[in-house]
Amino acid sequence: QVQLVESGGGLVQAGGSLRLSCAASGRPFSTYAMGWFRQAPGKEREFVATISRGGGSTYYADSVKGRFTISRDNTKNTMYLQMNSLKPEDTAVYYCAASQFGSASSFSTQRYDYWGRGTQVTVSS
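Residues numbered from 1 in each chain as written. Predicted model: local features only at pLDDT ≥ 70, side-chain atom pairs only at ≥ 80, totals over all residues. Heavy atoms only, no water.

Points about the sheet that holds strand 7 (residues 68-73)
Taking strand neighbours across the sheet as the criterion, the 4 strands line up as 1-3-8-7 in an open arrangement whose pairing is antiparallel. With partners counted over all chains shown, the strands left at the sheet margins are strand 1 (2-7) and strand 7, one partner each. Strand-to-strand, the axes of this sheet are offset by a mean angle of 15°, without reference to chain direction. Examined bridge by bridge, strand 1 and strand 3 (residues 18-26) share 6 bridges and lie antiparallel to one another. (Pairing = 2+ DSSP bridges. Helix = DSSP H or I, 4+ residues; strand = E, 2+ residues; numbered from the N terminus. Axes fitted to C-alpha atoms, helices over the stretch in contact; angles between N-to-C directions.)

See the structure below:
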């Protein structure tokens, strides 16, 4: 089992940047494929980005490609999401998630076994 805690959210103006972190504890971090998902009010939780266990493969939703960068440091048991050129439509609660048996190419929330509580990102226009 792994416990996940997100941090780094906040209020930022459009065009600004934020860096989210996801700290993991428990079972060895490197055994999990990891992902970032987000949920806006009244909408379903959606895939943002995922990263493979070793960090060599990454995947992005079309809506964030070229603006967001996912990374992980297995020595620090931490995953990151660097978000640049933020837009008001990026406003959501951002969640990190861990998949014990799935691959980073799995974008469905159902393939992820453990979730953090989320961190709010608000982008003002």
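Observations regarding the state of the cysteines
For the structure on display, the rule yields 1 disulfide. The residue that forms a disulfide with Cys22 is Cys96, at a sulfur-sulfur distance of 2.1 Å. On the sign convention where negative is left-handed, the bridge of Cys22 and Cys96, at about 55° about the S-S bond, is right-handed. Taken together, the residues Cys22 in strand 3 and Cys96 in strand 9 (residues 92-99) connect sequence positions 74 residues apart. As far as the burial class goes, Cys22 and Cys96 line up, both buried. (Disulfide = S-S within 2.5 Å. Buried < 20%, exposed > 50% of the residue type's maximum accessible area, 1.4 Å probe, protein only.)

Points about the packing of aromatic side chains
Scanning the model with the defined rule gives 8 aromatic pairs in all. A centroid spacing of 6.5 Å and a plane angle of 80° characterise the contact between Tyr95 and Trp115, whose relative ring orientation is edge-to-face. Note that Tyr95 is positioned in strand 9 and Trp115 in strand 10 (residues 114-115), a separation of 20 residues in sequence. Assessed through its relative accessible area of 12%, Tyr95 is described here as buried. Residue class for Trp115 comes out partly exposed when judged on its relative accessible area of 27%. Here the aromatic residues Phe37, Phe47, Tyr59, Tyr95, Phe107, Tyr112 and Trp115 are joined through ring pairs into a cluster of three or more. (Phe/Tyr/Trp six-rings, centres within 6.5 Å; stacked < 30°, edge-to-face > 60°.)

Looking at the nonpolar core
Formed by 35 residues in total, the largest nonpolar core has its most connected members in Leu4, Met34, Trp36, Met79, Leu81, Met83 and Tyr94. Within the residue set of this core, elements represented by two or more residues are strand 1, strand 3, strand 4 (33-39), strand 5 (46-51), strand 7, strand 8 (78-83), strand 9 and strand 11 (119-124). (Core = buried A, V, L, I, M, F, W, Y, C linked by side-chain atoms within 4.5 Å.)

Considering the pattern of salt bridges
Counting across every chain of the model gives 4 salt bridges. Here Arg38 and Asp90 are joined by a salt bridge, their closest N and O atoms 2.9 Å apart. Linking Arg38 in strand 4 with Asp90 in the loop between strand 8 and strand 9, this pair joins segments that are 52 residues apart in sequence. Take Arg38 and Asp90: they sit in the same class, and that class is buried. The salt bridge involving Asp90 is made with Arg67; its shortest N-O contact spans 2.8 Å. Taken together, the residues span a long stretch of sequence, with Asp90 in the loop between strand 8 and strand 9 and Arg67 in the loop between strand 6 (58-60) and strand 7 at a distance of 23 residues. (Salt bridge = Lys/Arg side-chain N within 4 Å of Asp/Glu carboxyl O.)

Topic: the environment of Thr75
With respect to the element layout, Thr75 can be found in the loop between strand 7 and strand 8. Overall, Thr75 belongs to the exposed group, its relative accessible area being 72%. Distance from Thr75 to Cys96, taken between C-alpha atoms, is 18 Å for residues 21 residues apart in sequence. Of the polar contacts made by the side chain of Thr75, one reaches the side chain of Asp73; its length is 2.4 Å. (Polar contact = N/O pair within 3.5 Å; in protein donor to acceptor, adjacent residues only side chain to side chain.)

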